[in-house]
Amino acid sequence: MLRDASSVVVFSGAGVSAESGLATFRSGGNALWNDPEVSTYPTPRGYRAHVPRSWQWYAMRARTAADAAPNPGHIAIAEIERRVPDFLLVTQNVDGLHHRAGSRRVVELHGNLRETRCFDCDARSAWPRLPADPRCARCGGLLRPDVVFFDEDLPADALERARDAAERCDVLVSVGTSNLVWPARELPDLAHSAGASVLIVNVDMTGQMPPGDRVVHLTGTAGDVMPRMVARAWPAPT
Ligand code: OAD
């Protein structure tokens with residue numbers, strides 16, 4: 001399917017970065033939202049209520065992401081981009097590892113942890129080295145990570161690009177996402193309804209589209225399955 005496709009979307013989630021040592025949100029004993037206080041941070045209200053701990057928690061995640069390295073799953077996804085004429089990677093991840101693995105056509109649906117943003121004046125800046133004071137140097141407003149919180153809209157242009165690509169593609173590969181968070185979760189259905197095949201790569205298929213007509217389950221880790229998928233689709237010349 002992949003070899004014959006001229007248009008491919010890869011739709012990724014936190015599971016892709018698990019093998020780089022980054023915790024996912026909902027799977028495994030170290031899932032980020034397991035902590036009741038931390039699970040209230042990703043809303044404007046919950047974030048403000050817990051400053052400075054919420055600010056320091058995001059600063060710690062930004063540093064952990066910067067210190068992590070892309071794994072074979074990220075690298076295989078970048079390889080698909082080089083093979084397919086019309087390609088888009090739609091990621092829910094904020095860790096920047098896809099870019100560092102070489103992916104270029106990337107839509108970050110939930111923002112990123114590369115920069116901070118001011119609640120008041122919207123100015124973006126690099127994370128301070130000592131994240132003790134979450135105050136904007138320009139206006140004194142409260143700083144936050146440049147990620148999308150629950151109760152906030154996704155960047156409209158990113159969502160539109162993602163939806164357009166899903167409706168146009170021949171194959172959508174969903175990898176390492178629980179597929180629970182709206183509106184991102186509609187993308188596999190959108191692609192399938194428009195006639196695409198959907199390949200689902202995950203260690204656990206709970207809650208995913210059932211296998212069937214043009215839906216294939218590939219159970220395993222992203223770091224194992226994705227490189228094998230690429231090697232099968234485009235075998236190295238012998
Ligand atoms: P989740 O934590 O909800 O789901 C991670 C998925 O990865 C699960 O389905 C796991 O089974 C799977 N998984 C774990 N390890 C894996 C591995 N090595 N290889 C492949 N799959 C693996 O993370 P997301 O689906 O990304 O949003 O969560 C979506 C959104 O919910 C996030 O972007 C974030 C969160 O709340 C916001 O903060 C707005």
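Here's what I pulled together on the structure shown here. If you're wondering where the values come from, they're calculated on a predicted model, not measured in any experiment. (Residues numbered from 1 in each chain as written. Predicted model: local features only at pLDDT ≥ 70, side-chain atom pairs only at ≥ 80, totals over all residues. Heavy atoms only, no water.)

Brief notes about helix H4 (residues 72–83)
- Between its first and last C-alpha, H4 extends 17 Å over twelve residues, near the 16 Å set by a 1.5 Å rise per residue.
- If you follow the buried residues of H4, they end up packed against strand E1 (7–12), helix H1 (15–18), strand E2 (86–91), helix H5 (97–100), strand E7 (171–175) and helix H8 (222–233). (Helix = DSSP H or I, 4+ residues; strand = E, 2+ residues; numbered from the N terminus. Expected span 1.5 Å × (residues − 1). Contact = heavy atoms within 4.5 Å.)

Remarks on the sheet that holds strand E9 (residues 215–219)
- Ordered by their spatial adjacency, six strands build an open sheet running E3-E2-E1-E7-E8-E9, and the pairing between neighbours is parallel. The sheet terminates laterally at strand E3 (106–108) and E9, the two strands that pair on one side only. With direction set aside, neighbouring strand axes in the sheet form an average angle of 15 degrees.
- Bridge count for strand E8 (residues 197–202) against E9 is five bridges, and the pairing is parallel. Each bridged residue has a counterpart across the sheet, and for Ile200 the counterpart in E9 is His217.
- Packed on one face of the sheet, H4 meets E1, E2 and E7 and runs near 155 degrees to E2.
- Contacting E7, E8 and E9, H8 crosses the sheet at an angle of about 140 degrees to E8. (Pairing = 2+ DSSP bridges. Axes fitted to C-alpha atoms, helices over the stretch in contact; angles between N-to-C directions.)

Details of the pairing of strand E4 (residues 111–118)
- Counting buried positions along E4 gives six out of eight residues, so the element sits mostly inside the fold.
- Where E4 lies against strand E6 (residues 143–147), four bridges are found, and the strand directions are antiparallel. Considered in E6, the bridge of Arg117 is made with Arg144.
- Relative to strand E5 (residues 124–126), E4 is paired through three bridges, and the arrangement is antiparallel. Within E5, the position partnered with Glu115 by the bridge is Ala126.
- In this structure, the hairpin formed by E4 and E5 is closed by a connection of five residues, where Asp122 is found at a positive phi of approximately 70 degrees. (Buried < 20%, exposed > 50% of the residue type's maximum accessible area, 1.4 Å probe, protein only.)

Comments concerning the sheet that holds E6
- Taken in spatial order, the three strands of this open sheet run E5-E4-E6, and their pairing is antiparallel. Taken across any chain shown, the strands that pair with only one partner, and hence form the sheet edges, are E5 and E6. Going across the sheet, the axis of each strand differs from the next one's by a mean of 50 degrees, ignoring polarity.

Considering the side chain of Thr24
- Relative to the assigned elements, Thr24 resides in the loop between H1 and helix H2 (44–49).
- There is a polar contact of 2.7 Å between the side chain of Thr24 and the side chain of Ser27.
- Discounting chain neighbours no more than four positions away, the residues touching Thr24 are Ala14, Gly15, Ala18, Asn30, Ala31 and Leu32. (Polar contact = N/O pair within 3.5 Å; in protein donor to acceptor, adjacent residues only side chain to side chain.)

Some details on the site of the ligand
- Near the ligand there are 24 residues, and of these Arg26, His110, Thr177, Ser178 and Asn202 occur at the shortest range.
- Contacts to the ligand include Glu19, whose side-chain N or O atom sits 3.0 Å from a nitrogen atom.
- Backbone polar atom of Gly176 to an oxygen atom of the ligand: 3.2 Å apart, as the coordinates give it.
- In isolation the ligand offers 790 Å² of accessible surface; the protein chains occlude 92% of this area. (Near = heavy atom within 4 Å. Areas by Shrake-Rupley, 256 points an atom, 1.4 Å probe, with all protein chains shown as cover.)

Section: the packing of aromatic side chains
- A complete count under the given rule lists nine aromatic pairs for this structure.
- Ring centres of Trp57 and Tyr58 lie 4.9 Å apart, and the angle between their planes is 80 degrees; this geometry places the pair in the edge-to-face category. In terms of burial, Trp57 and Tyr58 fall into one category: buried.
- Taken together, the ring pairs in this structure connect Phe25, Trp33, Tyr41, Tyr47, Trp57, Tyr58, Phe119 and Phe149 into an aromatic cluster.
- The ring of Phe119 carries the charged tip of Arg48 above its face, separated from the ring centre by 4.1 Å.
- The ring of Phe119 has Arg144 sitting right over it, with the charged end atom 5.0 Å from the ring centre. (Phe/Tyr/Trp six-rings, centres within 6.5 Å; stacked < 30°, edge-to-face > 60°. Lys NZ or Arg CZ within 6 Å of the ring centre and 35° of its normal.)

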